[in-house]
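# Results of the structural survey
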Amino acid sequence: MKYSISLILIILGVVFVSGQDLDIYKHQKNSNFDLPAIPKDMTYEEFKILSTDLRMQDMMIATILPGHIHFKIGEKKAGYYILGTRSLGYLGWVYLSLTDKSLTKIILLDNAGLSGTISTGDLIVAYGSLALIVGSYLYDWIHGKYRLDDKQNRIRYKYARKKVQLGLNLIKSDRYQYPGIRLAYNF
């Protein structure tokens, strides 16, 4: 009894102290109030990708909504592939449920309560469904995080490269011409 009360107090303390979302990565600034200087060439889609963060909340949503991460970062084709793959996994689960077999009992190889013995086909369907469900979730999260980082780095590189140019050239004055270093900063 005292352990359950302690557990409830710890959970309530974490909820009230930390807020509504858990962060995996520490944020140093509030991006909702910080207005950045946006280059003239930047499109709204590029700005949206730069300001996108994947948080623990997105990880939880991705467990329920297949392809959520890829849809959020603008890769709809990959999101639909993930949606279809996870749907196939759920169809295997539904098939086993309709034939009076439980996915968890088959995976745990528990024959008690199942009508008859477990066939090889049922094992293939059970483990295949589990692999599709878990694999599509992990692919959505890991590949989505990788693609978001890659897109953000490409956009930063594109605009940082335009900003600073360093070169060696001849500096001309009224009477002389001599070599010098030029540093140009473009807005």
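This write-up is about the structure you can find in this document. (Residues numbered from 1 in each chain as written. Predicted model: local features only at pLDDT ≥ 70, side-chain atom pairs only at ≥ 80, totals over all residues. Heavy atoms only, no water.)

Next up on the list: the side chain of Ser136. Topologically, Ser136 is positioned in helix H7 (residues 120-163). One polar contact links Ser136 to Arg86, side chain to side chain, over a distance of 3.0 Å. Of note is the side chain of Ser136, whose polar atom sits 2.8 Å from the backbone oxygen of Leu132. Sequence-distant contacts of Ser136, defined by excluding residues within four places in its chain, comprise Ile82, Thr85, Arg86 and Ala131. (Helix = DSSP H or I, 4+ residues; strand = E, 2+ residues; numbered from the N terminus. Polar contact = N/O pair within 3.5 Å; in protein donor to acceptor, adjacent residues only side chain to side chain. Contact = heavy atoms within 4.5 Å.)

Together, Tyr127, Leu130, Val134, Leu138 and Ile142 make up an exposed nonpolar region whose accessible area comes to about 430 Å². By the element assignment, Val134 lies in helix H7. (Patch = residues over 30% accessible without salt bridge, like charges linked within 9 Å, V, L, I, M, F, W, Y side chains within 5 Å. Areas by Shrake-Rupley, 256 points an atom, 1.4 Å probe, with all protein chains shown as cover. Salt bridge = Lys/Arg side-chain N within 4 Å of Asp/Glu carboxyl O.)

Moving on: the environment of Ser119. Tracing the backbone shows Ser119 in the loop between helix H6 (103-107) and H7. In this structure, the C-alpha to C-alpha distance between Ser119 and Ile106, residues 13 residues apart in sequence, is 9.6 Å.

Turning our eyes to something else, we now look at the nonpolar core. Counting residues in each nonpolar core, the largest one holds 12 residues, listed as Met42, Ile49, Leu54, Met59, Ala62, Ile69, Ile73, Tyr137, Trp141, Leu148, Ile155 and Tyr159. Of all the elements in the fold, those that place two or more residues in this core are helix H3 (56-64) and H7. Here the element with the most residues in this core is H7; it accounts for five residues. Not counting chain neighbours up to four residues away, the residues in contact with Ile69 comprise Leu54, Asp58, Ala62, Asp140, Trp141, Gly144 and Lys145. (Core = buried A, V, L, I, M, F, W, Y, C linked by side-chain atoms within 4.5 Å. Buried < 20%, exposed > 50% of the residue type's maximum accessible area, 1.4 Å probe, protein only.)

The tally for this structure, following the rule as stated, stands at two aromatic pairs. Ring geometry for Phe71 against Tyr80: centres 5.0 Å apart, planes inclined by 75°, an arrangement best described as edge-to-face. Classification of Phe71 by relative accessible area gives partly exposed; the value is 25%. The class for Tyr80 is exposed, based on a relative accessible area of 54%. Here the aromatic rings of Tyr90 and Trp93 are separated by 6.2 Å at their centres, their planes lie at 35°, and the arrangement is tilted. Placement of both Tyr90 and Trp93 in helix H5 (residues 76-98) is noted, with a separation of three residues, approximately one turn of the helix. (Phe/Tyr/Trp six-rings, centres within 6.5 Å; stacked < 30°, edge-to-face > 60°.)

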